[in-house]
Number of protein chains: 4
Amino acid sequence: MTIIVVNFKTYAQATGERAVKLAKICEKVAKEKKIDIMVAVQNADLFHVSSEVSIPVFAEHIDPVKYGANTGKDLPEALVENGATGVLINHSEDQDELKDIEGSIKRAKDIGLKTIVCAPSAKSSEAIAAFGPDFVAVEPPELIGGDISVSKAQPGLISETVKLVHKVDGKIPVLCGAGIKDHEDVRIAVKLGCEGILIASGVTKAEDPEKALLDLTRGFG
Amino acid sequence: MTIIVVNFKTYAQATGERAVKLAKICEKVAKEKKIDIMVAVQNADLFHVSSEVSIPVFAEHIDPVKYGANTGKDLPEALVENGATGVLINHSEDQDELKDIEGSIKRAKDIGLKTIVCAPSAKSSEAIAAFGPDFVAVEPPELIGGDISVSKAQPGLISETVKLVHKVDGKIPVLCGAGIKDHEDVRIAVKLGCEGILIASGVTKAEDPEKALLDLTRGFG
Amino acid sequence: MTIIVVNFKTYAQATGERAVKLAKICEKVAKEKKIDIMVAVQNADLFHVSSEVSIPVFAEHIDPVKYGANTGKDLPEALVENGATGVLINHSEDQDELKDIEGSIKRAKDIGLKTIVCAPSAKSSEAIAAFGPDFVAVEPPELIGGDISVSKAQPGLISETVKLVHKVDGKIPVLCGAGIKDHEDVRIAVKLGCEGILIASGVTKAEDPEKALLDLTRGFG
Amino acid sequence: MTIIVVNFKTYAQATGERAVKLAKICEKVAKEKKIDIMVAVQNADLFHVSSEVSIPVFAEHIDPVKYGANTGKDLPEALVENGATGVLINHSEDQDELKDIEGSIKRAKDIGLKTIVCAPSAKSSEAIAAFGPDFVAVEPPELIGGDISVSKAQPGLISETVKLVHKVDGKIPVLCGAGIKDHEDVRIAVKLGCEGILIASGVTKAEDPEKALLDLTRGFG
């Protein structure tokens, strides 16, 4: 498997109309390079973005609630109706209680949403694997948005994460969720056992996002 | 002023396609009766609903964040780009820290979003008035979704709230945010000083929402 | 191993002076029956209770912070200095983010505090085992404080939890954390693989706590 | 009124045995200078500290709960039983939902605990005044623990806060809650309408806390 998930966060370059435009660039590269590229967008942008592209669109947040009186919550059914094919859970900027991680994965599964669950360490990746998510993305908080490459600076963390996750369930793919700058980082991450990457500013804030994406795809070669 | 705000929450009857349908019913009654009806919808439903109706569409939640790295948060700019004209803040099912209430009202004002800020008591309504919201909605938690009418059961709470809010700022309209069942409740709320109502299940779960809305409008006569 | 942990919560019968009195009863039964009885008390009661008894006294909450500017937080070092020998983590009434569970266990270990980490399900027990706590206590939220016995009503949950926890680490003892009413429940829990129980109202609110404890100890016979 | 409240936070110099020692220094200066000095300590340190000094001892946190099943919470009754005479609420490092601020003030009043409620801005100070706390402490987050003096850098914020709080209730004393370095800052704060200060690192981390306190008292002269 070779996957690039681009997390749009709330970046100016990836909100509203610009989210649609950036998603189209992702779609173009995905088709050209025959590689799986998915985008994770703000929940308010889900409908608009998913109406305009055919690549998978993820929500950035889900709440493990059901139909009813939950003002302000992100109902799984609403995400699906507005075009989501999956959801990010427990991102370092949006951390959840253990109980809600379990509940969110369960609700997502029941309704057919794919789950990418983030973890800040190898052991928490192992913990999350117990709930059977579709992907685990390991992202040491200190590397997010920084200039250090996780695959170069902490290669042991990546391989340890892959080992622990696969001890629980050998079929859960691990994504490298922080510290990816270029195709060389991707290449190392793949070599260490990752099946893809979760990336944000490296693409959304790139002067030329298409060029940045094309460079990253070279790492899977 | 005579305002009805219908809070769609995460009700099955008010999510996705059914949110669009219900918003159109609200729009129809608003035009017929020449009364201000606004809808508050799940953030994921904002774009779709606001594309289909011309009445004001509110978001159910906002985060006081700015462009940047805030995975999973509801960026004010994203709400605006997806058609929101205002936002609910501090609903009893979605309570905020004091600091975030102040921050959310400020961010909303800066970007042109109207604010309806909920409060569980007369004194907390007074507290919120200090931040200059566009509306204060008083909603005693124990009455939400229940069968008791606030305007009948707790008329003193309503008039005390209006008094305290207007002591801070005489121009902030107060909405009756819970316990409204029919036009008679509306009539009493208006008589006690409210300029409108915030209602949810009374409309969204009504067998005939159009009929329920039409009945409520009679209270403003 | 045969352990009874009595969670004092914030019960009137287990606060302040009455916490000291109840802890002494626990100590008396522990000595008489030569069984490990530990008490978990409110953090404000730690110093007073631990000054008066020699059985292990647990704190009910810990924050994974270090010396510094953390107003209102429960610093591990402060718990130790005031007599704590361990701490409850992630109780169903006091749930934590995944990251804080990992951080709290790590901080506790570093400073020599024992950890009892609660989990609402078999899978979350497995998840928690990844962090190497001293004990896992499984407590299905729906049974807490109720009249149903977990060991009778959900025997499968207990044995499944023991199996999953021991798959991760065979040396982590599992406590039955809810639904224990009498020695018969204890007997079944032990038979299903538990090495002890975590109990609250069954002791704290008993007309005669000493008698209630003595009855429970019969289950370990 | 002339009040100094020393917030011990979780500083190494103000935890456990050292909390007791520091509280005794505060007591000594209070007696010598005939000035009100109060200490706010970690809840786990309440019993020990309050057993050793006769000056008022505040808790750093309170939860608006009642006797019952609230594992890990700080029950008002437990704080009182362990020697607290008051409590800090909504400190910038420990922020509360609006509803809980109202609830905590009410619970504290009912049980006889004094309340010092912190606010990050002039308007939020006004908001808090609506609930009738015993003190409002204004502490702009950006100044906490820093080297800038609020009374010099933001004198307008102090006088505006005093004005807005007294508009709601002329009898609520305002404390200057951040940016106090020496007696000159105290003098200016008092001149701007404050009746005291809330200080932390300026005393707890001083090489000679007694000397630091003595210096501060000169500002009230």
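Definitions and limits used
- Residues numbered from 1 in each chain as written.
- Chains lettered and ligands numbered in written order.
- Predicted model: local features only at pLDDT ≥ 70, side-chain atom pairs only at ≥ 80, totals over all residues.
- Heavy atoms only, no water.
- Helix = DSSP H or I, 4+ residues; strand = E, 2+ residues; numbered from the N terminus.
- Buried < 20%, exposed > 50% of the residue type's maximum accessible area, 1.4 Å probe, protein only.
- Polar contact = N/O pair within 3.5 Å; in protein donor to acceptor, adjacent residues only side chain to side chain.
- Pairing = 2+ DSSP bridges.
- Right-handed = clockwise from strand over helix to strand, strands pointing away.
- Contact = heavy atoms within 4.5 Å.
- Buried area = accessible area lost by both parts, 1.4 Å probe.
- Salt bridge = Lys/Arg side-chain N within 4 Å of Asp/Glu carboxyl O.
- Nonpolar A, V, L, I, M, F, W, Y, C, P; charged D, E, K, R; others polar.
- Axes fitted to C-alpha atoms, helices over the stretch in contact; angles between N-to-C directions.
- pLDDT = per-residue confidence, 0-100.
- Phe/Tyr/Trp six-rings, centres within 6.5 Å; stacked < 30°, edge-to-face > 60°.
- Least-squares fit on C-alpha atoms with pLDDT ≥ 70 in both.
- Arc of directions from axis to C-beta.
- Left-handed = near helix turned anticlockwise from the far one by under 90°.

Caption draft 1: Here's a closer look at unusual backbone geometry. Residue and element names in this part refer to chain A. Phi is positive for K9, close to 45°, though the residue is something other than glycine. Inspection of the secondary structure puts K9 in the loop between strand 1 (3–7) and helix 1 (17–33). Look at K9 and you get buried, because its relative accessible area is 4%. Positive phi values are uncommon outside glycine, yet N90 reaches one of about 65°.

Caption draft 2: Main features of the side chain of S124(B). All names here are of chain B. Among the secondary structure elements, S124 is positioned in helix 5 (residues 122–129). A residue is classified by how much of its surface remains accessible, and S124, at 1% relative accessible area, is buried. Side chain to side chain, S124 and S121 meet in a polar contact 2.7 Å long.

Caption draft 3: Expanded view of the pairing of strand 6 (residues 135–138) of chain A. All names here are of chain A. On strand 6, burial covers both faces: F135 and A137 on one face and V136 and V138 on the other are all buried. Bridging between strand 5 (residues 114–119) and strand 6 involves four bridges; their strand directions are parallel. Residue pairing across strands places V117 opposite V136, the latter belonging to strand 6. Handedness of the β-α-β unit built from strand 5, helix 5 (residues 122–129) and strand 6 comes out right-handed. Both strand 6 and strand 7 (residues 174–176) contribute to a ladder of three bridges, which runs parallel. In the sheet register, V136 faces strand 7, and the bridge partner there is V174.

Caption draft 4: The arrangement of the interface of chain A and chain B in detail. Residue-level contacts link 36 residues of chain A with 36 residues of chain B. Among the residues of chain A in contact with chain B, T10(A), A44(A) and T71(A) are the three that bury the most area, contributing 23% of the side total. In this assembly, chain A and chain B are joined by two salt bridges. Among the ionic pairs, K73(B) bridges to D94(A), the shortest N-O distance being 3.4 Å. Viewed at the interface, chain B and chain A are joined by 28 residue pairs in polar contact (both at pLDDT 80 or more). Counting residues per element, the side of chain A that touches chain B draws most heavily on helix 3 (residues 76–81) of chain A, at four residues. Per-class residue counts for the side of chain A that touches chain B are eleven nonpolar, 14 polar and eleven charged.

Caption draft 5: Representation of the sheet that holds strand 1 (residues 3–7) of chain D. All names here are of chain D. Strand order in the closed barrel made by the eight strands is 1-2-3-4-5-6-7-8, with parallel pairing throughout. This sheet shows a mean twist of 30° between the axes of neighbouring strands, independent of strand direction. Inspection of the sheet shows strand 1 paired to strand 8 (residues 196–199) by four bridges, in the parallel sense. Looking at the pairing, V6 lines up with I199 of strand 8. Sheet strands touched by helix 5 (residues 122–129): strand 5 (114–119) and strand 6 (135–138). Its angle to strand 5, the strand with the most contacts, is close to 150°.

Caption draft 6: Representation of the interface of chain B and chain D in the model. Contact with chain B, which involves 18 residues of that partner, is made by 18 residues of chain D. Note on chain B versus chain D: buried area summed over both sides is about 1,600 Å², and carbon and sulfur give 61% of it. Of all residues in chain B, the largest losses of buried area upon contact with chain D belong to Q95(B), L98(B) and A130(B), amounting jointly to 32% of the total for that side. The interface formed by chain B and chain D includes zero salt bridges. For the interface between chain B and chain D, the tally reads four residue pairs in polar contact (both at pLDDT 80 or more). Counting only elements with at least two residues in the side of chain B that touches chain D, the list comes to helix 4 (98–111) and helix 5 of chain B. At five residues, the largest contribution of residues to the side of chain B that touches chain D is made by helix 5 of chain B.

Caption draft 7: Quick peek at the confidence of the model for chain A. A residue-level look at chain A finds 98% of positions with pLDDT of 70 or above and a mean pLDDT of 94. Among the prediction metrics, the complex's ipTM stands at 0.95, with pTM recorded as 0.95.

Caption draft 8: Region of the structure containing the side chain of S104(C). Within the element layout of this structure, S104(C) appears in helix 4 (residues 98–111). S104(C) sits in the buried class, given a relative accessible area of 1%.

Caption draft 9: Spatial organisation of the arrangement of the chains. A gap remains between chain B and chain C, with no contact made and the closest C-alpha atoms lying 16 Å from each other. The closest approach of any C-alpha atom in chain A to one in chain D is 16 Å; the two make no contact.

Caption draft 10: Structural view of the pairing of strand 1 of chain D. All names here are of chain D. Among the five residues that make up strand 1, five are buried, leaving the element largely enclosed by the rest of the structure. Residues I3, V5 and N7 point to one face of strand 1 and I4 and V6 to the other, with burial holding for every one of them. As judged from the five bridges shared by strand 1 and strand 2 (residues 36–41), these two strands associate in the parallel manner. Looking at the pairing, N7 lines up with A40 of strand 2. Once the chain exits strand 1 it traverses helix 1 (residues 17–33) before rejoining the sheet at strand 2, and the crossover so formed is right-handed.

Caption draft 11: Quick peek at the packing of aromatic side chains. Counting across every chain of the model gives two aromatic pairs over all chains. Here the aromatic rings of F47(A) and F47(B) are separated by 5.8 Å at their centres, their planes lie at 35°, and the arrangement is tilted. Of this pair, F47(A) sits in helix 2 (residues 46–52) while F47(B) sits in helix 2 (residues 46–52), which puts the two residues in different chains. Exposure class is identical for F47(A) and F47(B). Each is buried.

Caption draft 12: Quick peek at the relation of the copies chain A and chain B. Overlay of chain A on chain B (RMSD 0.0 Å): rotation 180°, translation along the axis 0.0 Å. Such a combination of turn and shift is consistent with a two-fold rotation axis. For chain A, the minimum C-alpha distance to the rotation axis belongs to A44(A) and amounts to 2.3 Å.

Caption draft 13: Highlighting the relation of the copies chain B and chain D. Superposing chain B onto chain D requires a rotation of 180° together with a translation of 0.0 Å along the rotation axis, leaving an RMSD of 0.0 Å. Comparing contact sets, 100% of the residues at the interface of chain B also lie at the interface in chain D, consistent with an isologous, same-surface contact.

Caption draft 14: Spotlight on the sheet that holds strand 4 (residues 86–89) of chain C. Residue and element names in this part refer to chain C. Taken in spatial order, the eight strands line up as 1-2-3-4-5-6-7-8 and close into a barrel, and their pairing is parallel. The sheet shows a mean angle of 30° between the axes of neighbouring strands, taken without regard to direction. On top of the sheet, helix 7 (residues 155–168) reaches strand 6 (135–138) and strand 7 (174–176); it is set at about 160° to strand 7, its chief contact.

Caption draft 15: Main features of helix 10 (residues 209–217) of chain B. Residue and element names in this part refer to chain B. Within helix 10 the residues assigned to the buried category are P209, A212, L213, L216 and T217. Along the axis of helix 10, the buried residues cluster in a sector spanning 135°; they form a single face. Here the buried face of helix 10 lies against strand 1 (3–7), helix 1 (17–33), strand 2 (36–41), helix 8 (183–191), strand 8 (196–199) and helix 9 (201–204).

Caption draft 16: Region of the structure containing the environment of M38(A). All names here are of chain A. Examined against the element boundaries, M38 turns out to sit in strand 2 (residues 36–41). Taking the C-alpha atoms as reference points, M38 and G86, 48 residues apart in sequence, are found 9.4 Å from one another. In this view, M38 contacts I3, I4, V5, V6, P56 and F58; residues no more than four positions away in its chain are not counted.

Caption draft 17: View of the pattern of salt bridges. Residue and element names in this part refer to chain C. Taken as a whole and assessed by the stated rule, the structure comprises 44 salt bridges over all chains. The partner of E184 in a salt bridge is R187, with the nearest N and O atoms 2.9 Å apart. Within this pair, E184 and its partner R187 are both found in helix 8 (residues 183–191), separated by three residues, close to a single helical turn. Exposure remark for E184: the relative accessible area of 26% places this residue in the partly exposed category.

Caption draft 18: Representation of the packing of helix 1 of chain A against helix 10 (residues 209–217) of chain A. All names here are of chain A. At a minimum axis distance of 10 Å, the contact between helix 1 and helix 10 shows a crossing angle of 35°. For the crossing formed where helix 1 meets helix 10, the hand is right-handed. Side by side, helix 1 and helix 10 meet where L22, I25, C26, K28, V29, E32 and K33 of the first sit next to P209, E210, L213, L214 and T217 of the second.

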